[in-house]
Amino acid sequence: MIYQLEIDDRDETGKAVLAFIRQMAVTNKAIKPPVALNQPELAERPFGTMKGSFTLAPDFTEPLDDLKDYM
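A brief structural summary.

Another point: the overall build of the protein chain. Counting its regular elements, the protein chain contains one helix and zero strands. Over its C-alpha trace the protein chain gives a radius of gyration of 26 Å, far above what one expects of a compact globule, namely 11 Å for 71 residues. Counting only residues that meet the buried cut, the protein chain has 6% of its 71 residues in that class. Element-wise, carbon and sulfur atoms account for 58% of the exposed surface of the protein chain, whose accessible area totals about 7800 Å². Each charge class in the protein chain can be summarised by its mean position, and for the 8 positive and 12 negative side chains these summaries are 16 Å apart.

This part covers the pattern of salt bridges. Going through the model one piece at a time under the given rule, you end up with three salt bridges. The partner of R10 in a salt bridge is D8, and the shortest N-O contact between them spans 2.9 Å. Take R10: its relative accessible area is 54%, and that puts it in the exposed class. A relative accessible area of 40% places D8 in the partly exposed class.

Reading the values: rules and limits
- Residues numbered from 1 in each chain as written.
- Predicted model: local features only at pLDDT ≥ 70, side-chain atom pairs only at ≥ 80, totals over all residues.
- Heavy atoms only, no water.
- Helix = DSSP H or I, 4+ residues; strand = E, 2+ residues; numbered from the N terminus.
- Rg over C-alpha atoms; globule rule 2.2 N^0.38 Å.
- Buried < 20%, exposed > 50% of the residue type's maximum accessible area, 1.4 Å probe, protein only.
- Areas by Shrake-Rupley, 256 points an atom, 1.4 Å probe, with all protein chains shown as cover.
- Lys, Arg positive; Asp, Glu negative; His and termini not counted.
- Charge placed at Lys NZ, Arg CZ, Asp CG, Glu CD.
- Salt bridge = Lys/Arg side-chain N within 4 Å of Asp/Glu carboxyl O.

This is the structure in structure tokens:
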């Protein structure tokens, strides 16, 4: 049987799993070492890309009419 796993190596658990598989591949020739997929890195979004997309109403901080009975 052949299994294909996708392992995220950006966290400690993923790194430990990959290290384990690599060690198994060294000691057992039937196991192939892991191969990285050619996927683009996830880039961090820069701050301010949505600036100006949202506006607040001038009375945003005023109490809502629906809640006047409770105030």
